[in-house]
Each structure stands twice: as structure tokens, then as C-alpha cells.
Amino acid sequence: MISKSNTLDSKSAGFNLNQESQEPTFYDDPDLNYSIEKPIKNWDEKRSKWSKLHPTFNHGVKERILVVSGSQSTPCKNPIGDHLLLRFFKNKVDYCRIHGYDIFYNNVLLQPKMFFFWAKMPAVRAAMVAHPEAEWIWWVDSDAAFTDMDFKLPLEKYKDHNFVVYGWPKLIYEKKSWTGLNAGVFLIRNCQWSMDLIEAWAKMGPQSTEYDKWGQILQSTFKDKNFPQSDDQSGLSYLLLKEKDKWGDKLYLESEYYFQGYWVDIIGQLDNITDKYIGIEKKMPSLRRRHAEKVSERYGKLWEEYLIKDKWRMPFITHFTGCEPCSGDYNPIYSWETCYNAMQKALNLADNQVLRKYGFVHKDLLDSSSVSPLPFDFPSNSVV
């Protein structure tokens, strides 16, 4: 028997999707503008009022995440680029389905002048307004893949922060390096502080009349930045470096796990890590028990005991920085074959974690089109 309280623990149970209050909210304000050029003030109050008028969304709101990603509106120049983007998108949809997160995938420029890496900011800003029920907006670049499908963000760790990004304080504050953080994946709280941060950050973008000036400022500030254009990553680093008192206390630089990891550092480890996981499963029947996908989070928690004890785990997000799967204009320090094989390996590794719930598995991580049935009680005494 399922109690009413247990039912409400579901990510979606209890939501009244047909409810809409007749009392005015910020949506009824004709001056509300979704565009990044128009600041929004008193957002915390506006969002709070909306929540009071839609009480069925309040249960579990502090852990509610909307994942946002996106790509260009035109076909990829790389002949297999659209296929690769589809696979990266499927990976994100799989992760969101397992953990009960909504996802918004944008493929248009919401601000026509904010191209390339700047395009994420108008999408994130619009998502905050479109989803007042979400406490967090989680931007994940199109070329980043979840490689640990069980891991969940430790939101309790970030309860006193409004922005989380992969980075290292020493590289930003002491070495003044533009690679002191990577803005390709970040978690941002849906609040006024974040609205203000986006406003300050976006002023360095290509829609600004001071775009060229900001390029000069950022390049002179970060001596290792070898291109003249103002970019989002250097811009965020600059705000931390020059306005630490304003932004630093609420911005968390995460480096204790692969909030996102550079694919070159990760790919060579995957075979050994997979073998370690299989070794643990062979010893623990509870971990290899077949189960419905809907209860996957329970088994993820079971894994934590063993992974924390041994102080290692599967890399959470693998980011294929420099591979440019859509354009094909990859960084010449590595070959396209190296990029492609690495993407196949990471995506199929993640896919295996999903397909196991459906009774199949990729036997060869470099073969995306073939799967094999998974024997009962794998991997106790079985070979796929």
C-alpha cells in the first residue's frame, strides 16, 4: 500500500498542471520582458507571489531543477554533426528522465547578436522567467555528456550559494588565468541575485556597444588569454577577480568532483573505472538486481556507500571542449578520429547505464549500433 505522503515524494505527484490563478501575477505585467536587455527587479517577490498562487508546486521546490541546453538553428557543417548533437541530447534526456528533471533545449538565438558561447545567457534568463517553479537552472553545453547517470548534484552543499561552476580559486585570484573556471556547465539559482549577475555578465557580450572594449580589458587582465574577443568564461572570471565582494560569497567554485571534466583527462580512465564497478557488482547481489527504471535513484544511493568508501567514482560530466562536433572545426592539437572515438566511448558508456534497465548493453563502447541481451544476474558469472 502506498501512503499519500509517499506519493507526494514523487517529482511530479500532486502538481496541478491545469491550475491557473485569476489573480494577477508578474506575467500580467505588460512591461515584463523576457529579453536579456531588459532588467527584472523584485524577482524574488514576484516569484514568491506566483508560488503562493500555485501551491501544488511548492512541495520539493528547493530541489527542483530545470536543465537547459541548446545548439544552433541551422544544420551542422560537419556531416555527422547533427547525429552527434542528437546523441548528446538523448544523453541529457535520459539523465533528466531518470531523476525527474524537466529539460528545455533551445536552438534559436534569443538575442541575435549573442552568438556562440554567449547564446546560453539569454536562454537561461528566459528559462528563469518561464519556470518560476524551478529553484535551479542548470545549463549544460551541447557537447557535454553525463557519464555517471546515477550521481545527483549535492544541493545541500550549495544551500548558501546561488551559482556553481567548475573552477579553482588559485587560478583565478593568484595566477589570473582565463581557464580558472569553465562556464560550459553551471548551476544558477532562480533568484534576484542571479538576475543581477546575468545583467552584469551580459554587458560584456557582443550585443553591447562596449564589446570590443571588453575584449581588450579581458585580454589585458588574463595574460594567458590568446584571442581578442570578449568571451563568457573570461567575463565571469573578471567579475570574480574585480568584484569579489559583490559576487564571490555566493559563487561556488567546485573542484571536488567532475562537475564537468575535460574529456582528454577522462577518456583514458573509463575502462579501468568500468572494471572497478563490475568488480563491486560481482560481490554485491543487491547492486546488480534488476529493477524498474523509475526506482533507479534508490540503487544510485546503494552505490554511494561503496564509492565513497573507495574515494573514486565515474566522472559525472565529460565535456568535449575543443572537439566542436557540429562544425567539425576541432582543435588541431588532437585529431578528429581521437575526438570522435572519445565521444562514442563516453556516450555509449552512459547509454549502457540506461540500456541495462531495458535488458541490453553495448558490448563494444566504440560500436554505437550494436547491443547484446544482458544475462540474468549480470555480472555475477556471466559474459555479455
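Residues numbered from 1 in each chain as written. Predicted model: local features only at pLDDT ≥ 70, side-chain atom pairs only at ≥ 80, totals over all residues. Heavy atoms only, no water.

> What am I meant to see in the packing of aromatic side chains here?
To describe a pair of aromatic rings, you give the distance between the ring centres and the angle between the ring planes. Within this structure, the stated rule accounts for 33 aromatic pairs. Ring centres of Trp138 and Phe316 lie 6.0 Å apart, and the angle between their planes is 35°; on these two criteria the pair is classed as tilted. Here Phe316 lies in the loop between helix H13 (296–310) and strand S9 (317–319) and Trp138 lies in strand S3 (residues 136–140), a separation of 178 residues in the sequence. Each member of the pair Trp138 and Phe316 is classed as buried. (Phe/Tyr/Trp six-rings, centres within 6.5 Å; stacked < 30°, edge-to-face > 60°. Helix = DSSP H or I, 4+ residues; strand = E, 2+ residues; numbered from the N terminus. Buried < 20%, exposed > 50% of the residue type's maximum accessible area, 1.4 Å probe, protein only.)

> Help me understand the pattern of salt bridges in this model?
Close approach of charged atoms allows side chains of opposite charge to pair. Within the structure shown, the criterion is met by 23 salt bridges. Residue Arg97 is joined to Glu293 by a salt bridge in which the shortest nitrogen-to-oxygen separation is 2.9 Å. Note that Arg97 is positioned in helix H3 (residues 81–99) and Glu293 in the loop between helix H12 (285–288) and H13, a separation of 196 residues in sequence. The class for Arg97 is partly exposed, based on a relative accessible area of 33%. Using a relative accessible area of 15% as the deciding quantity, one classes Glu293 as buried. In this structure, Lys152 engages Glu297 in a salt bridge whose closest nitrogen and oxygen atoms are separated by 3.3 Å. Here Glu297 lies in helix H13 and Lys152 lies in the loop between strand S4 (144–146) and strand S5 (163–167), a separation of 145 residues in the sequence. For Lys152, a relative accessible area of 29% puts it in the partly exposed group. Given the relative accessible area of 19%, Glu297 is considered buried. (Salt bridge = Lys/Arg side-chain N within 4 Å of Asp/Glu carboxyl O.)

> So what exactly am I meant to see when it comes to the domain arrangement of the chain here?
By convention, interface size is frequently given as the accessible area that disappears when the constituent parts associate. Looking at the assigned domains, one finds that the chain contains domain 1 (32–254) and domain 2 (261–365). A separation of 24 Å is found between the C-alpha centroids of domain 1 and domain 2. Taken together, the 35 residues of domain 1 in the interface contact 36 residues of domain 2. Surface buried jointly by domain 1 and domain 2 totals about 3100 Å² across both partners, of which 58% is contributed by carbon and sulfur atoms. Together, Arg87, Asp143 and Thr147 form the three largest contributors to the area buried by domain 1 at its contact with domain 2, with a combined 22%. In this assembly, domain 1 and domain 2 are joined by five salt bridges. For the pair domain 1 and domain 2, the interface holds 22 residue pairs in polar contact (both at pLDDT 80 or more). Residue assignment for the side of domain 1 that touches domain 2 shows that the elements contributing at least two residues are H3, S4 and strand S6 (181–189). The element contributing the most residues to the side of domain 1 that touches domain 2 is H3, with twelve residues. (Domains from an automatic or database assignment. Contact = heavy atoms within 4.5 Å. Buried area = accessible area lost by both parts, 1.4 Å probe. Polar contact = N/O pair within 3.5 Å; in protein donor to acceptor, adjacent residues only side chain to side chain.)

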